[in-house]
Amino acid sequence: MRKPASSCQRGIAGIPTAFVATIGQGGPVIGIMGEYDALPGLSQDAVPFRKPRTETSAGHGCGHHLFGVASLSACLALGEQIRAGTIKGTLRFYGCPAEEGGSARVFMVREGAFKGCDVVLHWHPSSRNVAGYRSNLARIAVKFRFHGKSAHAAGAPDKGRSALDAVALTNHAAELLREHVPDGSRIHHVITDGGGGAPNVVPEFAEVFYYVRHGDADVTRQIYDRLLKCAQGGALATETKLEVVYLGGTVQIVPNDTLSDLALKHLKRLGDLTYDDAEKQFAFRLQETLADKPALESIREVVNGSASDNKGSTDVSDVSWVVPTGGFTTACWVPGTPAHSWQAVASGGTSIGKKGMQLAAHTLAAMAWDLFQDSKLRAAAQAEHRDRLGTRPYRPLILPGQPPPLDYRDPARKGVRQGE
């Protein structure tokens, strides 16, 4: 028997760590996505109390180290079946970096990486097993950099123009803006460069990093335009120069109940999560640091989330506009653990995280198996996708010709540590 064709294309959309690995030939074409990245400031050892690791400042606060491995595991199992001739068609594994702000998949969509796919699958770590969401939040990311003039803050204050004052005014204006945006909007920020290290020097540079979110990408654009005016006002009032670093964003997801029901079926069939005595002790100790303490037995529950909204944002959403996309979450964290927390990092480094990861791998493989074998199931997912889109065009939140922001985690000033 001739071996099925296989290949791996690297550097997709100009992103060095994005790739597409393919095995098989002909149709149907099923894609499975894997993520891999971390979050700054969430370094944590795999213990149930706060203990940052000394060798890094970042941590897997959204469990993307588990995400990528489970997706790859499912693809390896499916690839063996393609080699054996049990599965006919093509499998694609999408390596998707920098979901936490870099939005790699948006650029991969623009590159046409998902063309030809019949269906694409994904999953995400969580503290619960959930299949499907009605929608989520679109998001725009932007950095406002202010350039002023340094001077002696006591001896010659009139000669200085404070970039830090510009950030302060921008943030104050944004706080007032919150009262006058549509329900469900989110505006949040961090000051990534505080403007200096000595109070007797007028800061000549400062940077603030903003996210704007809403359940409708068009509304998100409108809120961003108003936030931009806040920054322009801060620059005008302080006589500083504003530099806008627009990082783009992600749209809201197009849900697919056909694929959600498929995930729900297999999560219920395969869900067998339990904690051994050591894991229970870890979980009880960690829950002492949490506000909510659901029963540990909740890791066996499977929730139908198709009637609820996810308040997060993801570049999976952009994929869902060009191909039917379905996903789910599994319990990789101690019940009650929020994402983007040190507790999530701690859980994800233990056997608790690995058990949830393995459940995800099994569920992805089972979903893909059904989709390879059942043409009616694929057709139903595609018909629902067409119906939900209707006449709505896909309008990404990146600018025409915008390159991927490969340096979005870098300090604003090269050679200067952030926060100094």
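Predicted model only: the values in this text are computed from it and were never measured.

Peer 1: Which residues make up the overall build of the protein, and what values do they have?
Peer 2: The helix and strand inventory of the protein stands at 10 helices and 16 strands. For the C-alpha atoms alone, the extent of the protein along its principal axes is close to 80 × 50 × 40 Å. Evaluated residue by residue, the protein yields a buried proportion of 53% over its 420 residues. In the protein, the proportion of contacts linking residues at least 24 apart, taken out of those at least 6 apart, comes to 81%. Here the protein displays about 18,800 Å² of accessible surface, and carbon together with sulfur accounts for 53% of that area. Counting 47 positive and 42 negative side-chain charges, the protein places the centres of these two groups 4 Å from one another.

Peer 1: Describe the environment of Glu279, with residues and values.
Peer 2: Its location among the elements puts Glu279 in helix H6 (residues 277–287). Exposure remark for Glu279: the relative accessible area of 4% places this residue in the buried category. Through-space distance from the C-alpha of Glu279 to that of Val334 is 9.3 Å; in sequence the pair is 55 residues apart. Other than its neighbours up to four places away in sequence, Glu279 contacts Thr274, Ser351, Ile352 and Lys355. Side-chain polar atoms of Glu279 contact the side chain of Lys355, separated by 2.8 Å.

Peer 1: Before we move on, could you go through the sheet that holds strand S16 (residues 328–331) and cite the residues and values that matter?
Peer 2: Taken together, 4 strands build an open sheet; the order of strands is S8-S16-S9-S14 and the sheet is mixed. In the strand order of this sheet, the two ends are held by strand S8 (124–126) and strand S14 (302–304), each with one partner. For this sheet the average axis-to-axis angle between neighbouring strands, irrespective of direction, equals 25 degrees. Looking at chain direction, strand S9 (residues 129–131) and S16 are connected through 2 bridges and run antiparallel.

Peer 1: How would you sum up the sheet that holds strand S12 (residues 205–214)? Please name residues and give values.
Peer 2: Here we have 4 strands laid out as an open sheet, ordered S11-S12-S10-S13, and antiparallel in their pairing. At either margin of the open sheet sits one strand with a lone partner, and together these are strand S11 (186–193) and strand S13 (241–250). The average undirected angle you get between the axes of adjacent strands in this sheet is 20 degrees. Both strand S10 (residues 138–147) and S12 contribute to a ladder of 10 bridges, which runs antiparallel. Residue Ala138 lies in a different strand from S12, and its bridge partner there is His214. In this fold helix H4 (residues 217–238) packs onto S10, S11, S12 and S13, with an angle of close to 10 degrees to the strand it touches most, S10.

Peer 1: Lay out the nonpolar core in plain terms, naming residues and giving numbers.
Peer 2: Ranked by size, the top nonpolar core spans 52 residues in total, and within it Ile32, Leu91, Leu121, Trp123, Phe328 and Leu371 carry the most contacts. Counting residues per element, this core draws most heavily on helix H9 (residues 351–373), which supplies 11 residues. Residue contacts for Leu121: discarding those within four places in its chain leaves Gly31, Ile32, Met33, Gly326, Leu364, Met367, Ala368 and Leu371. Membership of the second largest hydrophobic core comes to 31 residues, among which are Phe146, Ala163, Ala166 and Val251.

Peer 1: Which residues make up the packing of aromatic side chains, and what values do they have?
Peer 2: Enumeration according to the criterion identifies 8 aromatic pairs in this entry. A ring pair is formed by Phe144 and Tyr210, whose centres lie 6.0 Å apart and whose planes are at 55 degrees; its orientation type is tilted. Here Phe144, found in strand S10, pairs with Tyr210, found in strand S12; they are 66 residues apart in sequence, far enough to count as distant. The pair formed by Phe144 and Tyr210 is uniform in burial state, with each residue classed as buried. In this structure an aromatic cluster arises from ring pairing among Phe19, Tyr36 and Phe93. Against the face of Tyr211 rests Arg139, its NZ or CZ located 4.7 Å from the ring centre.

Peer 1: Give a description of the confidence of the model for the protein that names residues and reports values.
Peer 2: Averaged over every residue, the pLDDT of the protein is 94; residues scoring 70 or more account for 98%. Confidence drops under pLDDT 50 across residues 415–420; counting only partners more than four residues distant or on other chains, this segment forms 12 contacts.

Peer 1: Report on the pattern of salt bridges, specifying residues and quantitative values.
Peer 2: Enumeration according to the criterion identifies 16 salt bridges in this entry. Across the salt bridge formed by Lys265 and Asp370, the nearest N and O atoms sit 3.3 Å from each other. Of this pair, Lys265 sits in helix H5 (residues 257–270) while Asp370 is found in helix H9, placing the two residues 105 residues apart along the sequence. Among the ionic pairs, Arg388 bridges to Glu384, the shortest N-O distance being 2.9 Å. Residue Arg388 and its partner Glu384 are located together in helix H10 (residues 375–389), separated by 4 residues, close to a single helical turn. Residue class for Glu384 comes out buried when judged on its relative accessible area of 13%. What you see here is one network of salt bridges that share partners, running through Glu35, Arg105 and Asp315.

Calculation notes
- Along each chain, numbering runs from 1 in the same order as the chain's sequence is written.
- Given that the model is predicted, a residue must reach a pLDDT of at least 70 before its local features are reported, and side-chain atom pairs must reach 80 or more before they are shown or counted; all residues, however, enter totals for whole chains, interfaces and linings.
- Excluding hydrogens and water, the side-chain values take into account all heavy atoms of the structure.
- Secondary structure elements follow DSSP: runs of H or I of four or more residues count as helices, runs of E of two or more count as strands, with numbering from the N terminus.
- A simple rule labels every residue: compare its accessible area, found with a 1.4 Å probe on the protein chains alone, to the largest value its type can have, and call it buried under 20%, exposed over 50%, or partly exposed in between.
- Residue contacts follow a heavy-atom distance rule, with two residues in contact if any of their heavy atoms lie within 4.5 Å.
- Only the protein chains shown count as cover for residues, and all accessible areas are computed by the Shrake-Rupley method using a 1.4 Å probe.
- Counting rule for charge: Lys and Arg are taken as positive, Asp and Glu as negative, and neither His nor the chain ends is counted.
- Here the site of a charge means NZ on Lys, CZ on Arg, CG on Asp, or CD on Glu.
- Polar contacts, as used here, are pairs of N or O atoms within 3.5 Å; protein pairs need one atom able to donate a hydrogen and one able to accept it. Residues neighboring in sequence count only if both atoms are side-chain atoms.
- Strands pair, by our definition, only if DSSP identifies at least two bridges between them.
- Fitted lines through C-alpha atoms give the axes, limited to the stretch in contact for helices. The angle between two N-to-C directions lies from 0 to 180 degrees.
- In this text, buried Ala, Val, Leu, Ile, Met, Phe, Trp, Tyr and Cys residues form a nonpolar core when linked through side-chain atoms within 4.5 Å.
- Each pair of aromatic rings taken from Phe, Tyr and Trp, with Trp reduced to its six-membered ring, is defined by centres within 6.5 Å and is described as stacked if the planes are under 30 degrees apart, edge-to-face if over 60, and tilted in the remaining cases.
- Two thresholds decide whether a charge sits over a ring: the Lys NZ or Arg CZ must be within 6 Å of the ring centre and within 35 degrees of the ring normal.
- A score from 0 to 100, pLDDT tells how confident the predictor is in each residue.
- For this analysis, a salt bridge means a side-chain nitrogen from Lys or Arg found within 4 Å of a carboxyl oxygen belonging to Asp or Glu.

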